[in-house]
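Geometric and topological summary
Below are the chains, spelled out letter by letter.
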Amino acid sequence: SAPCPQWPYCRKRCSYCNFNKYVVPAVDEVAVRACLVREARTLLRLSQVQSVTSVFFGGGTPSLASPRTIAAVLEAVAGAAHLPAGAEITLEANPSSAGTPRLAGFRAAGINRLSIGVQSLDDAELRLLGREHTAAEAWGAVEAAQGLFPGRTSIDLLFGLPGQSQGAWARGLEAALELCDNHVSLYQLTLERGTALAARVSGGALPTPPQDLLADMYQTARAMLVAAGFRHYEVSNFARKGALSTHNLSYWRAEQYIGVGPGAHGRFVPRGEGGCSREARVQTLEPDAWMREVQSQGHGTRRRVVLSPLEQLEEVLALGLRTDEGITHEHWGHFSPHLSLEAVFGVPGEAKDLQQQGWLVLDGSGLRCTWEGLALLDSLLPELLCQLQRR
Amino acid sequence: MALAGRTAMRWARLRSPCPAAALLCLPPWLPAGPVACERLYSSRGKEKLDMSTYPVESIRNFSIIAHVDHGKSTLADRLLEITGTIAKTGRNKQVLDKLQVERERGITVKAQSASLFYSHEGVNYLLNLIDTPGHVDFSYEVSRSLSACQGVILVVDANEGVQAQTVANFYLAFEAQLAIIPVINKIDLKNADPERVEKQIEKLFDIPADECVRISAKQGTNIGKVLQKVIEKIPPPHCNTADPLKALVFDSTFDHYRGVIANIALFGGEIQKGHKIVSAHTKKRYEVNEVGILTPNEQPTHKLYAGQVGYLIAGMKEVTEAQIGDTLFFYKQPVEPLPGFKSAKPMVFAGMYPVDQTEYNNLKSALERLTLNDSSVTVHRDSSLALGAGWRLGFLGLLHMEVFNQRLEQEYNTSVILTAPTVPYKAILSSAKLIKEYGKAEITIISPAQFPDKLSVSEYLEPTVLGTIVTPHEYIGKIIALCQDRRAVQKDMLYIDEHRVMLKYFFPLNEIVVDFYDALKSLSSGYASFDYEDAGYQAADLIKMDILLNGNPVEELATIIHNDKAYATGKLLCERLKDAIPRQLFEIAIQAAIGKKIIARETLKAYRKNVVAKCYGGDITRRMKLLKRQAEGKKLMRKIGNVEVPRDAFIRVLKRQTDK
């Protein structure tokens, strides 16, 4: 199981971000810490997991929390379940809150992997994104992180910014390859409704990136990273020397994860109250309300929905096919003991057609996308869901 | 003469209930005083009216005709007020226009009638105002109304002058040999130029300028003068109460409780409750339940007499029983039927489908109810693989189609998909086999699926219209170019004054059904007016154009068009489809073809990337919902070969492109 505590606060609102985040003048960190600790305990107990495989501090901007908070949450996790020494414990960090002393503090608190939101190495692009940091600061932060977390530092980059050219993206990526460690996440910028950037694009102040350019950017990046020795192990994630993120893999393999903190999502079986079905759970979004709930009842779970066996398989499919290994027969069998992958997708139908068109493979190891198919997954999934629903 | 005696009797009877009536004679059922003023319509007292006091000589049957917005309905309101038919309040606006769509659009769709009582120079007159729709689409209604009249009031706006519909309506009246009273309305407006309008009327219609009455219907100026002219200029109907019954059905409505209510004009005899009558058309027998006049609501009377206009209820269950143009006569006293009317031919066809197929039955019953009162709409069941079950409807014209659609939405709260309108083509068959199959050599083609191959046809025909355009002269150049682009042939061009021109063109009907009127309005800043009348069929170089997706024809997008327009239309359709079909995993060729020849092509490129960048805990629920909705949507898509076309795409391509 993988707990993922959320730190919901940011210092500044980025122009593209629509996450559940709050920019407040002063955070009552002692209270938030106490609540994170309490909710982590409650939910771990509820899930009755024996052993924790990874912890991921997300946000918001969790690097704004003090190392003491991180340590307290980890202590709570270790107190409620077994936390092996080698478990992956990641913290998302912004270059502007990732100076060496601070990062050292996090390491001392138990963090052993860092994911840094570099986003771009171009100052103009960073300004467009509304980021707080400069390219130079990003360089500094990544170098500092690599000193403290050698081989376990990841960087996030964004492409497909309004007005960004193919050449500018390739140059940026080249620079990033010089800087990076063994893990890179490349995200195509999504213009989310309600964000400042989306408003500027829809208002015509900024150009909409053409679809074909976005496809070119993606293919260029894949090729460059593979040439640099990276494995393209998920739609947006690349790793070399085996530095895959255990935590994120557990999402895509539809393992159990426990969301802790405002707006956190989870998927687990609440065995502690006698449950035997996997549930989709969401914690209360707004931090103050969440805190009140945690203080009064030990957790701030706002919504829980039991996932039917079909819904679970749908998630297995939609998430599993994002990875290069796809869905193994074993993995599928775990969720569907009676109906094999072959029985569902090996018969004439959509999956067969997609295989013939070269987008999909079903073989002895399982069901997965081809290299070309991975870039088109969202066109394949509705077809596969139709076929699955017929069984 | 008998007239004097009857009038005296009538006066005697009227004097007691209506002592205040001096010049203005209130109708006998309307009590004088404040109570009456609070009512919009005259009250419908139980007491039946005696209509025998209105002999033929004191009856005038007339209509008001005008271009849209020239003030026909306002003048009708004033006439109703001045004769005491409705109380005089500030609220009388388009009293005769009962439908919501009529009030909103300021047009008249369904003709209404009202009987007015007016005393002039000591004689009490019964003036029957038979309202007419103002647009050519409804010219069948106009002719129907006019057939019950002996004269018309031709209203022309003092500012806008003679417009296209003024001309069309004038000729309808002129050809029916009716007395015409020209009235120049809106003289109160700042830019009013009645003199100019009088000259136009003189030049176009050959009516001396001094015969025009200048009025302001809005302010009530000179309305009495109009009534005086009606009495003086319009002859009484030519008929006799002593003759056997001869009643013309000139309109009908359907009432759920009382059945069919037929509007009738008596050309001879009299009629009352209990009379046994026969329809000349169906030969069916009926017993009269009720007769009366319209004021404008139904007001029962003891009898109706020759020359009078009113309504009749006689146990007719369906509107088809009250065939418009039919003649009614007494059982066992047959008469020579009146000429009747040509039944209105639909000139514009469009597919109508429920937005949601589960609404099919609701829409069906709404259509049935609405066509009860509008028998000019033809309804054929139809179905489309993309749009589901629906109908192919025939309308008299574009406005008719729009009004029908609007009534359906407003009165029955249904929303529909209406496809782009088409016109009925014809083909003269040359293949003996086909002639045998159809049982005739000339066939009408309503849908492209019926289009016979060129090899078995000696000639294709398309419907044409004679269009009238009235415009300020500065737009002539642009308008002529527009007409030429629409394959129109000029017939006539006449300056109706120094600044205004009337153009007459023969148009292929299909060139004006979609957006001609909008184009004309926009290039003339709204100043040009347009009207048209049926002008028969002409030979045309017609072809059937197919739309192909990766080589497979899309049945519902096939169209019949003129050869000269094929390229432009094909290109437009391909472009629209390209925008409407989502990208797919493979490239899609969108082509327009005539037979085997490709005349236009657009290429929809394959998706090269379609995968959401981030998919972690928080997003999964939302993501799954979207994917499942897409999977659901796939089941509803129309598959043309391997290409999936969403219903929306068909709607976007087939739908009329309005309000651009």
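Residues numbered from 1 in each chain as written. Chains lettered and ligands numbered in written order. Predicted model: local features only at pLDDT ≥ 70, side-chain atom pairs only at ≥ 80, totals over all residues. Heavy atoms only, no water.

A word on the overall build of chain A. Helix and strand counts for chain A stand at 16 helices and 15 strands. Going through the 391 residues of chain A one by one, you find that 60% of them count as buried. For chain A, restricting intrachain contacts to residue pairs at least 6 apart in sequence, the fraction spanning at least 24 positions comes to 70%. Taken as a whole, chain A presents about 15,200 Å² of accessible surface, with 52% of it coming from carbon and sulfur. (Helix = DSSP H or I, 4+ residues; strand = E, 2+ residues; numbered from the N terminus. Buried < 20%, exposed > 50% of the residue type's maximum accessible area, 1.4 Å probe, protein only. Contact = heavy atoms within 4.5 Å. Areas by Shrake-Rupley, 256 points an atom, 1.4 Å probe, with all protein chains shown as cover.)

This brings us to helix 7 (residues 194–205) of chain B. Residues and elements named next belong to chain B. With twelve residues, helix 7 should cover 16 Å at 1.5 Å per step; its first-to-last C-alpha distance of 16 Å lies within 8% of that length. Turning to helix 7, its buried residues are Pro194, Arg196, Val197, Glu198, Gln200, Ile201, Leu204 and Phe205. Considering only its buried residues, helix 7 is in contact with strand 4 (151–157), helix 6 (164–175), strand 5 (179–185), strand 6 (213–214), strand 24 (489–495) and strand 25 (500–508). Two residues or fewer after helix 7 comes Asp206, characterised by a positive phi angle close to 65°. (Expected span 1.5 Å × (residues − 1).)

Now for the sheet that holds strand 13 (residues 298–301) of chain B. Residues and elements named next belong to chain B. Read from one edge to the other, the open sheet built from eight strands follows the order 11-10-16-7-8-15-12-13, with strand pairing classed as antiparallel. Looking at which strands have only one partner, the edges of the open sheet turn out to be strand 11 (285–287) and strand 13. Each adjacent strand pair in this sheet contributes to an overall mean axis angle of 40°, direction not counted. Bridge count between strand 12 (residues 290–294) and strand 13: four bridges; the pairing is antiparallel. When the bridges of strand 13 are listed, Gly292 appears paired with Pro300. (Pairing = 2+ DSSP bridges. Axes fitted to C-alpha atoms, helices over the stretch in contact; angles between N-to-C directions.)

Another point: the packing of aromatic side chains. If you walk through the whole model with that rule in mind, you get 20 aromatic pairs over all chains. Taken together, a centroid distance of 6.5 Å and an interplanar angle of 20° make the contact between Tyr475 of chain B and Tyr527 of chain B stacked. One end of the pair, Tyr475 of chain B, is in the loop between strand 23 (457–472) and helix 12 (476–485); the other, Tyr527 of chain B, is in the loop between helix 14 (516–523) and strand 26 (529–539), with 52 residues separating them in the sequence. Of the residues examined, Tyr475 of chain B reaches a relative accessible area of 13% and is grouped as buried. The structure contains a cluster of three or more aromatic residues connected by ring pairs, namely Tyr505, Phe507, Phe516, Phe530 and Tyr532 of chain B. Note that Arg222 of chain A overlies the ring of Trp371 of chain A, its terminal NZ or CZ placed 3.6 Å from the centroid. The residue whose ring lies beneath Arg285 of chain B is Tyr331 of chain B, and the NZ or CZ to ring-centre distance is 3.9 Å. (Phe/Tyr/Trp six-rings, centres within 6.5 Å; stacked < 30°, edge-to-face > 60°. Lys NZ or Arg CZ within 6 Å of the ring centre and 35° of its normal.)

Residues and elements named next belong to chain A. Where helix 1 (residues 29–47) contacts helix 2 (residues 67–80), the two axes come as close as 9 Å, and the packing angle between them is 20°. Here helix 2 runs roughly parallel to helix 1, going by the angle between their axes. In the crossing of helix 1 with helix 2, the sense of the turn from one axis to the other is right-handed. Contacts between helix 1 and helix 2 involve Glu29, Arg33, Leu36, Val37, Arg41 and Leu44 on the former and, on the latter, Arg68, Thr69, Ala72, Val73, Ala76, Val77 and Ala80. Looking at side-chain class alone, the contact of helix 1 with helix 2 contains eight nonpolar, one polar and four charged residues. (Parallel < 35°, antiparallel > 145°, perpendicular 65-115°, else oblique. Left-handed = near helix turned anticlockwise from the far one by under 90°. Nonpolar A, V, L, I, M, F, W, Y, C, P; charged D, E, K, R; others polar.)

Under the defined criterion, the tally for this structure stands at 39 salt bridges over all chains. Measuring nitrogen to oxygen at the nearest pair gives 3.3 Å for the salt bridge that ties Arg11 of chain A to Glu132 of chain A. Of this pair, Arg11 of chain A sits in the loop between strand 1 (2–7) and helix 1 while Glu132 of chain A sits in the loop between helix 4 (123–128) and helix 5 (135–148), placing them 121 residues apart in sequence. Among the residues examined, Arg11 of chain A registers a relative accessible area of 45% and is labelled partly exposed. With its nearest N and O atoms 3.8 Å apart, the salt bridge here joins Lys284 of chain B to Glu321 of chain B. Here the residue Lys284 of chain B occupies a position in the loop between strand 10 (276–279) and strand 11, and Glu321 of chain B occupies one in the loop between strand 15 (309–313) and strand 16 (327–330), the gap between them amounting to 37 residues. Classification of Glu321 of chain B as buried rests on a relative accessible area of 11%. One network of salt bridges, with partners in common, ties together Asp212 and Asp216 of chain A together with Arg583, Lys605 and Arg608 of chain B. (Salt bridge = Lys/Arg side-chain N within 4 Å of Asp/Glu carboxyl O.)

All names here are of chain B. Mean pLDDT over chain B stands at 83; residues scoring 70 or higher make up 84%. Under a pLDDT of 50 for its full length, residues 1–45 has, in the predicted model, 65 contacts with residues more than four places off or in other chains. For this predicted complex, the interface confidence reaches an ipTM of 0.92, while the overall pTM sits at 0.68. (pLDDT = per-residue confidence, 0-100.)

In this structure, Leu186, Leu317, Trp332 and Phe345 of chain A are the most contacted members of the largest nonpolar core, which totals 121 residues. Broken down by element, this core gets its largest block of residues, nine residues, from helix 1 of chain A. (Core = buried A, V, L, I, M, F, W, Y, C linked by side-chain atoms within 4.5 Å.)

Taken together, the contact pairs 44 residues of chain A with 28 residues of chain B. Of the roughly 3,400 Å² buried between chain A and chain B, counting both surfaces, carbon and sulfur atoms make up 56%. On the surface where chain A and chain B come into contact, there are eight salt bridges. Across the pair Glu311 of chain A and Lys628 of chain B runs a salt bridge, and its minimum N-O distance is 3.7 Å. Along the contact surface separating chain A from chain B lie 17 residue pairs in polar contact (both at pLDDT 80 or more). For the side of chain A that touches chain B, the secondary structure elements donating two or more residues are strand 6 (183–188), helix 8 (211–227), helix 9 (246–252), strand 10 (265–268), helix 11 (309–320) and helix 16 (377–390) of chain A. Per-element accounting of the side of chain A that touches chain B gives the leading share, ten residues, to helix 16 of chain A. (Buried area = accessible area lost by both parts, 1.4 Å probe. Polar contact = N/O pair within 3.5 Å; in protein donor to acceptor, adjacent residues only side chain to side chain.)

Residue and element names in this part refer to chain B. As summarised here, the arrangement of the six strands in space is 2-3-1-4-5-6, forming an open sheet in which the pairing is mixed. A single partner strand is all that each edge strand has here, and the edge strands are strand 2 (113–120) and strand 6. Inspection of the sheet shows strand 4 paired to strand 5 by seven bridges, in the parallel sense. When the sheet's bridge partners are listed, Val152 is paired in strand 5 with Ile180. Strand contacts of helix 7: strand 4, strand 5 and strand 6, with the helix running at about 155° to strand 5, the strand carrying the most contacts.

Residues and elements named next belong to chain A. When strand 7 (residues 231–234) meets strand 8 (residues 237–239), the two strands line up antiparallel, connected through three bridges. From the neighbouring strand, Glu234 faces strand 8, where its bridge partner is Asn237. The hairpin formed by strand 7 and strand 8 contains two residues between the paired strands.

Let us now look at helix 16 (residues 620–636) of chain B. Taking 1.5 Å of rise per residue, 17 residues should cover 24 Å, and helix 16 of chain B covers 25 Å from first to last C-alpha, within 8% of that figure. Within helix 16 of chain B the residues assigned to the buried category are Ile620, Arg623, Met624, Leu627, Ala631 and Lys634 of chain B. For helix 16 of chain B, the angular spread of the buried residues around the axis is 95°, confining them to a single face. Turned more than 90 degrees off the buried face of helix 16 of chain B, the exposed positions are Arg622, Lys625, Arg629 and Leu636 of chain B. Looking at the buried side of helix 16 of chain B, the elements it contacts are strand 9 (257–260), strand 10, helix 11 and helix 16 of chain A together with strand 33 (643–645) of chain B. (Arc of directions from axis to C-beta.)

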